[in-house]
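Structure assessment
One-letter residues, chain by chain:
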Amino acid sequence: MTIKVGINGYGTIGKRVADAVASQKDMKLIGVTAHSYSFNTEIAKKKGYKIFTTAGDGDFKLNGIKTDGDIKNLIEEVDIIVDATPKKIAQDNLEKLYKPSKIKGIVQGGEKHQVTGVSFVAQCNYNEALNKDFVRVVSCNTTGLCRTLNAVDKAYGIESVHATMIRRGADPWDIYHGPINAIVPVLEMPSHHGPDAKSVLHSMEIFTTALSVPSTLMHLHTVIADVRKKVNVDDAVEMFKNTTRVRIVRNAEHLRSTAEIMEFARDLGRLRGDMPEICVWQEAIGITSNSHNKLLYMQAVHQESDVIPENIDCIRAMMGFKDGDKSIKMTNETFGIK
Ligand code: NAD
C-alpha cells in the first residue's frame, strides 16, 4: 500500500517532512500547502510539489506561481495530513478540516497533548500510535529528552531525573524572535518540558528547568538521572552508541560545541545541514564521586530536524504498520542515520 500524504504548513518543519515523505518507498507526497508566497513556495515548485493554498491564490498569481487548488482539494486526495502550521492553528484545523473529511492527522509539539490524547516518539511508544486517527509528534526538546532517557531507563532503571534545557533563541532564518543579548529563564517550575516528556514516558519522575540564550543553532540539555543500577561511564557511552537516533560526539574530534556539530552535519552532506540525531558528548558523560547511581550527561538537539524521522514513523504507525523497529530502520536508511 502506498500511503498518500499531504503537508499543511510548509515552514521549518513542514518542508523537511515533505522531503522526507517524498523519499519513502511506501509513501507518496500528494502536495503541500502555502499560506503566503515566499522563497519556500519557489523551492516547492522547483521540486515538483503540488501547491495548495490556505488563504487564497492572489499572492501566488501576482508572483507567477500556478497553484493546484486549495487545502480542501489536498484533503480530498490524501490518507493523512501532517500539520506543521504555527502553534495553536493545528487544533482548529483538526476540528474544522480533518475530522469532517475523515482523514487522519498529525500535529506537532506546539500543540498540547490533549489535542490528540496520544504523544509520540518512535523508539519510546510506537505502538500507542497504531491505527490512531490523530497523534501529536512532541517538540524538539521533548523528543531529545525522551530518546536518551528511554535508553537510560531501559539500561539502568530511572528513579528520577532533573534536566535543564538551554534553548536556542530562534531558528536561524527567524528575524523576529530572540533574545539577542540576554539569558532568559523560564519563570515557572517545572518548565513545561518535564510534564511533556511524561506524555510519552508515562511513569518517569522528571523535573525540568529551562532558559533561552542568544543562539540559533541547537538546544543543549544537561541531564542528571538517579538510577537504580550501578553505572560506569564506559558502559553508559556504549549504551548511547547502541541507541538509535543518538550519536556520541567527542572533544577529540573537535566537536566541542553546537557550532562545530552543525558544521559537521553540513560536511556530512546532509540535506540542509541537518542533524536529526541527538548528540551526546562523550566527555560530558559522568557519575558523581559519592554515588554510582547518578548519571550525568549533556546533549545537543537540532531543533529543526530531530522530529522529522518521528513524523515519518508516526505516519506508518497511524496507517497500521505494526513493526515499529522495522519502520525506524526504513526511515533511518532514508536519512542516512543509525
Ligand atoms: P514555521 O513558522 O517555520 O512554519 C509554519 C508554516 O505554516 C509557515 O510556512 C507559514 O506560512 C504557514 N502557515 C501559517 N498559518 C497557516 C495556516 N493557517 N494554514 C497553513 N499554513 C500556515 O513553524 P515551524 O517552526 O515549522 O513550527 C510548526 C510546528 O512545529 C509548531 O507546532 C512548532 O511548535 C513545531 N516545532 C517547531 C520546531 C522548530 O524548532 N522550528 C521544532 C519542533 C517542533
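For the structure itself, consult the block above.
Description of the structure in this document. (Residues numbered from 1 in each chain as written. Predicted model: local features only at pLDDT ≥ 70, side-chain atom pairs only at ≥ 80, totals over all residues. Heavy atoms only, no water.)

Let's talk about the nonpolar core
Ranked by size, the top nonpolar core spans 41 residues in total, and within it Val-5, Ile-7, Val-21, Val-32, Ile-106, Phe-120 and Ile-315 carry the most contacts. Looking at this core, the elements with two or more residues in it are strand E1 (3-8), helix H1 (12-22), strand E2 (27-34), strand E4 (80-83), strand E7 (134-137) and helix H11 (308-318). Top element by residues in this core is H11. It accounts for six residues. With near-sequence residues (within four places) excluded, Phe-120 lies in contact with Asn-125, Tyr-126, Ala-129, Val-135, Arg-136, Val-137, Val-138, Val-200, Glu-310, Asp-313, Cys-314 and Ala-317. Within the second largest apolar cluster, 32 residues are counted, among which are Leu-145, Val-223, Val-237 and Met-239. (Core = buried A, V, L, I, M, F, W, Y, C linked by side-chain atoms within 4.5 Å. Buried < 20%, exposed > 50% of the residue type's maximum accessible area, 1.4 Å probe, protein only. Helix = DSSP H or I, 4+ residues; strand = E, 2+ residues; numbered from the N terminus. Contact = heavy atoms within 4.5 Å.)

A word on the side chain of Arg-167
Assignment of secondary structure puts Arg-167 in strand E8 (residues 158-168). In this view, Arg-167 contacts Asn-141, Val-186, His-192, His-193, Ala-210, Leu-211, Ser-212, Val-213 and His-219; residues no more than four positions away in its chain are not counted.

Here we look at the site of the ligand
Taken together, 19 residues lie around the ligand, and Thr-12, Ile-13, Gly-110, Arg-168 and Asp-171 are the ones closest in. Here an oxygen atom of the ligand and a backbone polar atom of Tyr-10 are 3.3 Å apart. In the environment of the ligand, an oxygen atom lies 2.9 Å from a nitrogen or oxygen atom belonging to the backbone of Ile-13. For the ligand, whose accessible area on its own is 830 Å², the fraction buried by protein is 80%. Of the residues in the shell around the ligand, the class split is seven nonpolar, ten polar and two charged. (Near = heavy atom within 4 Å. Polar contact = N/O pair within 3.5 Å; in protein donor to acceptor, adjacent residues only side chain to side chain. Areas by Shrake-Rupley, 256 points an atom, 1.4 Å probe, with all protein chains shown as cover. Nonpolar A, V, L, I, M, F, W, Y, C, P; charged D, E, K, R; others polar.)

Thoughts on the pattern of salt bridges
The tally for this structure, following the rule as stated, stands at 25 salt bridges. With a closest N to O distance of 3.6 Å, Arg-16 and Glu-304 form a salt bridge. Of this pair, Arg-16 sits in helix H1 while Glu-304 is found in the loop between strand E15 (294-301) and H11, placing the two residues 288 residues apart along the sequence. The same class applies to Arg-16 as to Glu-304, namely buried. Residues participating in the shared-partner salt-bridge network are Asp-26, Arg-147, Arg-245, Glu-310, Asp-313 and Arg-316. (Salt bridge = Lys/Arg side-chain N within 4 Å of Asp/Glu carboxyl O.)

Let's talk about the environment of Asp-274
Tracing the backbone shows Asp-274 in the loop between helix H10 (258-267) and strand E13 (278-281). Sequence separation between Asp-274 and Glu-263 is eleven residues, and the spatial gap between their C-alpha atoms is 9.7 Å. Asp-274 has contacts with Arg-16, Ala-265, His-302 and Ser-305, leaving out every residue within four places of it along the chain. There is a polar contact of 2.9 Å between the side chain of Asp-274 and the side chain of Arg-16.

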